Amino acid sequence: MKKLFSFLLLAAMVLPVMADEGMWLPMLLNRNEADMQAAGMRITAKDIYDANHACLKDAIILFNQGCTGEYVSAEGLFLTNHHCGYSYITSHSTVEHDYLTNGFWAMTREQELPCPGLTATRLVRMEDVTDQVLEGITSETSEKDREKIIENNIKKVGENAIKNTHYKYVIKPFYYGNQYFMYINEVFTDVRLVGAPPSNIGKFGGDTDNWMWPRHTGDFSMFRVYADKDGKPAPYAETNVPYKPLKHLDISLKGVEEGDFTFVFGYPGTTKRYVTSHEVAMTVEDSDPISIDLRTIRLKHYKAAMEKSPAQRLRYASKVASIANGWKKWQGEVEGIQRLKGIEQKQKQESIFNSWAENKPAYRNVLNELEEQYLIKRPIYRNLIFFNEAVMASDFMMRAHNLYNIYCLCKLGKEEEAQAAIAKFLQSNEKYFADFDQHTIVDKGIFVETFEYMIKAGYAPYLEHADLNKIYDNSMLTKKGAAEKFFKSFKTKNADKLGKDPAFALFSVAYSYAYTAESRKQYSEASQNINRLMRIYVKGLMEMYPDTQKGTTPDVEKPYFFPDANLTLRVAYGHVQGFNPRDAVYYKPYSTLDGIMQKENPDIYDYVVTPRLRELYQTKDYGRYANAKGEMPVAFIATNHTTGGNSGSPVLNADGQLIGINFDRCWEGTMSDLLFDPNYCRNISLDIRYCLFIIEKYAGAKHLVDEMTIIQ
Ligand code: ARG
Ligand code: GLU
């Protein structure tokens, strides 16, 4: 007995779900209710999720397939991040109406701008369908058959559930397929842009401040959902009317103090909470550092070009934003895992698991087998990283990829498709040369340097004696009109002629080096095996560890396990709190407009402040949006466990009122996708008061604030 006790104690030391860690399923939130209330929450789990009555979940939107939004008016108006609405703001921007730079505010409903392709999804209800999905599967079922059975069952269960409705269904695996939940959704497709601040506000701090605290980004935009006359989703039509959500969020102007309870309600994309030391090692020893190095090269070239002229800056801005986002996050992730000794921590936990599993045949070998599979997967994976981050880094090779596709279509005898691909390529080719001279310096630099890096690392043995500059210069891809000439006399049956082009030739070798038939097969088998073994391992962990653990407050319990994020609706809760990023430095939990003025620099694009904002600052014209000290709050940090996809998520107070919009995490805590550390992991939210201040005072769009329910 004593032995068991000390074993459990040891086990609890190694895999505790840390204070405030967790992305919980709304349907099962009653299990967290006591803990949440002990932590300060004044509403109930049912107020948050209730399949049968209007509740907070009805105010939450999945914005496309990667961000979150929340209704703030009875007329279908919702908020999300500026960086989530970015592409729609851009697509409506022209030289005459540059909404991206100057902002956009619909002063009437007629001015709201349709956004084709944009969807806003509401969760109607969710349901545990594990038994139905796994029906017919026994311990003898092979993995292949298992997949087929599951696929069929999912179809049957899902289609049955939405019969005679306009709903859609999604059924997803949880805990690596130990559990399945079904989501019944209502998907709205007439979504219109209502407002966006100028980039100087919505992107203030740009990539320089990205992932960092203290932060001053007014990262929000506004949209409205339209529906048909019955309130049902319908494609865009002038006759559609503003959708009346079952619930919209009340907005609190009280703000938050350090220590206050908050929760985030949204759609986190991916986490890897339960992976083994092998996966962590593969991430922080291979995938992160290789990608970081290769992106450093690309960023160097883009940034040099961007400094040359405003036109060049514009040309590469969005590309750089997306390359730099992962680049910066991974650096934080590597540091965070090192600081936590993450690999050793996982190894310790694995050895505890192994002693527990010693006389349990179902689990005894699972970690050894996982290790074997990672030994197969890891070198192939490394190759793929090089392929994605180096081979595909330049436009030169991306376009060589187009040639390669054309070649494959020809070889497969798909005449029509090949001709279509050629036409498409030639069309894009013409555009490509419009500003080629400037761009070629950038693109050639990237091509040469990324390949050189790969050669040095030993991942392009086929290239050791090649002259990269010559390859670049001699291809038809870098000579205006050359591709047009080549394809004029091109016959699909003579596709081999493409082989004469050095870019095509290089891409073909690089591709077959990264993707041999053998490695593909091995990779997919290893990945499947890992998934199967993880299903067993996680099941074992759930048997080994208790159901509940100590919650935020002594004597209160909360569940031990939460499923990894998988772009389904979750609740994360914690409290507003600063932190110590490094020796002698303490980060306060909120930022203000004073910080914007401190950062102001008219010569640095990311830190330009518009005269109008400066004027509001100087006259302290904050209206009812100032805090008790008379400051204009801008952003705050809290211990809520979030990840990509949570962008735009509402941050709510103890009463379930909106106090902020989640938009980022602190750099020092970006390892929380793998391991959560309450000392460092913080989500970053826009203070709702700054958002409303910008709408009302800066933009003069008070009619939008008037639609909202404001609690003073
Ligand atoms: N880091 C945030 C996220 O992952 C914001 C990204 C967009 N902003 C930027 N400066 N690149 O979505
Ligand atoms: N900005 C991220 C997003 O797009 C959120 C930051 C994070 O990864 O937590 O979802």
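Residues numbered from 1 in each chain as written. Chains lettered and ligands numbered in written order. Predicted model: local features only at pLDDT ≥ 70, side-chain atom pairs only at ≥ 80, totals over all residues. Heavy atoms only, no water.

1. Details of the overall build of the protein chain
Filter applied, for reference: Runs of H or I in DSSP of at least four residues are treated as helices and runs of E of at least two as strands, each being numbered from the N terminus. We compute the radius of gyration from the C-alpha atoms alone; for a globule the expected value is 2.2 Å times N to the 0.38, where N is the number of residues. Categorising residues by exposure relies on relative accessible area from a 1.4 Å probe, with only protein chains included: less than 20% of the type maximum marks a residue as buried, more than 50% marks it as exposed, and the intermediate range marks it as partly exposed. Here a residue-residue contact requires only that any non-hydrogen atoms of the pair lie within 4.5 Å.
What the protein chain contains, in helices and strands, is 24 helices and 24 strands. Taken over the C-alpha trace, the protein chain has a radius of gyration of 27 Å; the compact-globule value for 712 residues is 27 Å, and the two agree within 12%. Over its C-alpha atoms, taken along the principal directions, the protein chain stretches across nearly 75 × 70 × 60 Å. A buried classification covers 56% of the 712 residues belonging to the protein chain. Residue pairs in contact within the protein chain that sit at least 24 positions apart in sequence constitute 77% of those at least 6 positions apart.

2. A short note on the pairing of strand β23 (residues 683-687)
To be explicit about the condition: The rule for pairing is simple: two strands pair if DSSP sees at least two bridges between them.
Where burial is concerned, most of β23 is hidden: five out of the five residues are buried. Note: strand β20 (residues 633-638) against β23, four bridges, orientation antiparallel. Residue Ala635 lies in a different strand from β23, and its bridge partner there is Leu686. Inspection of the sheet shows strand β22 (residues 658-665) paired to β23 by five bridges, in the antiparallel sense. Each residue of the ladder has a partner; that of Asn662, found in β23, is Ser685.

3. Digging into the packing of aromatic side chains
Note the following rule: Pairing of aromatic rings covers Phe, Tyr and Trp, the last through its six-membered ring, and needs centres within 6.5 Å; plane angles under 30 degrees mean stacked, over 60 mean edge-to-face, and all others mean tilted. Charge over a ring is defined by NZ of Lys or CZ of Arg lying within 6 Å of the ring centre and within 35 degrees of the ring normal.
All chains considered together, the criterion is met by 53 aromatic pairs. Lying over the aromatic face of Tyr605, Arg313 brings its terminal NZ or CZ to 3.5 Å of the ring centre. Lying across the ring of Tyr432, Arg399 places its NZ or CZ 3.8 Å from the centre.

4. A short note on the pattern of salt bridges
Rules: For this analysis, a salt bridge means a side-chain nitrogen from Lys or Arg found within 4 Å of a carboxyl oxygen belonging to Asp or Glu.
One pass over the full model with this rule turns up 36 salt bridges. Here Lys521 and Glu525 are joined by a salt bridge, their closest N and O atoms 3.7 Å apart. Of the two residues, Lys521 and Glu525 are both situated in helix α20 (residues 517-544); the distance of four residues between them amounts to about one turn of the helix. A salt bridge links Arg689 to Asp687, with the nearest nitrogen and oxygen atoms 3.0 Å apart. On the accessibility criterion, Arg689 (5% relative accessible area) is buried. When salt bridges with common partners are traced through the structure, they connect Glu75, Arg109, Glu112, Arg224, Lys244 and Glu707 into a single cluster.

5. As for the nonpolar core
This is how the line gets drawn: The criterion is simple. A nonpolar core is a set of buried Ala, Val, Leu, Ile, Met, Phe, Trp, Tyr and Cys residues joined through side-chain atoms within 4.5 Å.
Grouped together as the largest cluster of nonpolar side chains are 156 residues, with contacts concentrated most on Tyr690 and Ile695. The element that contributes the greatest number of residues to this core is helix α11 (residues 310-340), accounting for 10 residues. What Ile695 contacts, discounting residues up to four positions off in sequence, is Trp105, Phe220, Met222, Gly700, Ala701, Lys702, Leu704, Val705 and Met708. Residues Val391, Ala400, Phe490 and Ala503 belong to the second largest nonpolar core, which totals 47 residues.

6. Considerations on the site of ligand 1
To be explicit about the condition: We call a residue near a given molecule or strand whenever any one of its heavy atoms falls within 4 Å of it. Distance and chemistry together define a polar contact, namely a pair of N or O atoms within 3.5 Å, with one atom able to donate a hydrogen and the other to accept it when in protein, and with adjacent residues in sequence counting only for side-chain atoms on both sides. Each accessible area value is a Shrake-Rupley result obtained with a 1.4 Å probe; residue values ignore everything except the protein chains displayed when judging cover. Residues are grouped as follows: nonpolar covers Ala, Val, Leu, Ile, Met, Phe, Trp, Tyr, Cys and Pro; charged covers Asp, Glu, Lys and Arg; every other residue, Gly included, is treated as polar.
Taken together, the residues surrounding ligand 1 are His83, Gly206, Asp207, Asn210, Trp211, Ala321, Asn325, Ser647, Phe663 and Asp664. In this structure, Asn325 approaches ligand 1 through a side-chain N or O atom, which is 2.9 Å from a nitrogen atom. If ligand 1 stood free it would expose 340 Å²; the protein chains cover 83% of that surface. Elements that contribute at least two residues to the shell around ligand 1 include exactly α9 (206-209), α11 and β22. Broken down by class, the residue content of the shell around ligand 1 amounts to three nonpolar, five polar and two charged.

7. With respect to the state of the cysteines
Quick reminder of the rule: The disulfide definition used here is simple: a pair of cysteine sulfur atoms within 2.5 Å.
The tally for this structure, following the rule as stated, stands at one disulfide. A sulfur-sulfur distance of 2.1 Å marks the disulfide that ties Cys67 to Cys84. Disulfide Cys67-Cys84: the torsion about the S-S bond is -80 degrees, which places it as left-handed. Of this pair, Cys67 sits in strand β2 (residues 67-71) while Cys84 sits in helix α4 (residues 82-91), placing them 17 residues apart in sequence. The class of Cys67 is buried, set by a relative accessible area of 10%. Cysteine Cys115 is unpaired, with the sulfur of Cys84 as its nearest cysteine sulfur at 13 Å. Using a relative accessible area of 3% as the deciding quantity, one classes Cys115 as buried. Lacking any disulfide linkage, Cys408 is separated from the closest cysteine sulfur, that of Cys410, by 9.0 Å.

8. Details of the site of ligand 2
Near ligand 2 you find His83, Trp211, Thr642, Thr643, Gly644, Gly645, Asn646, Ser647, Phe663, Asp664 and Arg665, and these make up its full shell. Within the contact set of ligand 2, an oxygen atom lies 2.6 Å away from a side-chain nitrogen or oxygen of Arg665. With the chains in place, 88% of the 290 Å² that ligand 2 exposes on its own is no longer accessible. Broken down by element, the shell around ligand 2 gets its largest block of residues, three residues, from β22.

9. Focus on the confidence of the model for the protein chain
Selection rule: On a range of 0 to 100, pLDDT expresses the predictor's confidence in each residue.
Looking at the protein chain as a whole, the pLDDT averages 95, with 97% of positions reaching at least 70. Within the model, the stretch residues 1-17 combines pLDDT values under 50 with 26 contacts to residues more than four positions away or in other chains.

10. Looking at the side chain of His216
Along the chain, the position of His216 falls in the loop between α9 and β10 (221-227). Relative accessible area serves as the criterion here: at 5%, His216 is assigned to the buried category. Separated by 2.8 Å, the side chains of His216 and Lys599 make a polar contact. When near neighbours in sequence (up to four residues on either side) are disregarded, His216 contacts Phe204, Ser591, Thr592, Gly595, Ile596, Lys599 and Val634.

11. A few points about the environment of Pro633
Assignment of secondary structure puts Pro633 in strand β20. Setting aside residues no more than four positions away along its own chain, Pro633 makes contact with Ser591, Thr592, Tyr625, Ala626, Asn627, Asp687, Arg689 and Tyr690.

12. Brief notes about unusual backbone geometry
At the junction of Trp213 and Pro214, the peptide bond is cis and its omega measures out at 0 degrees in the coordinates. Topologically, Pro214 is positioned in the loop between α9 and β10. Even without a glycine there, the phi angle at Asn164 is positive, about 60 degrees. Checked against the element boundaries, Asn164 lands in the loop between α7 (143-162) and β7 (168-174).

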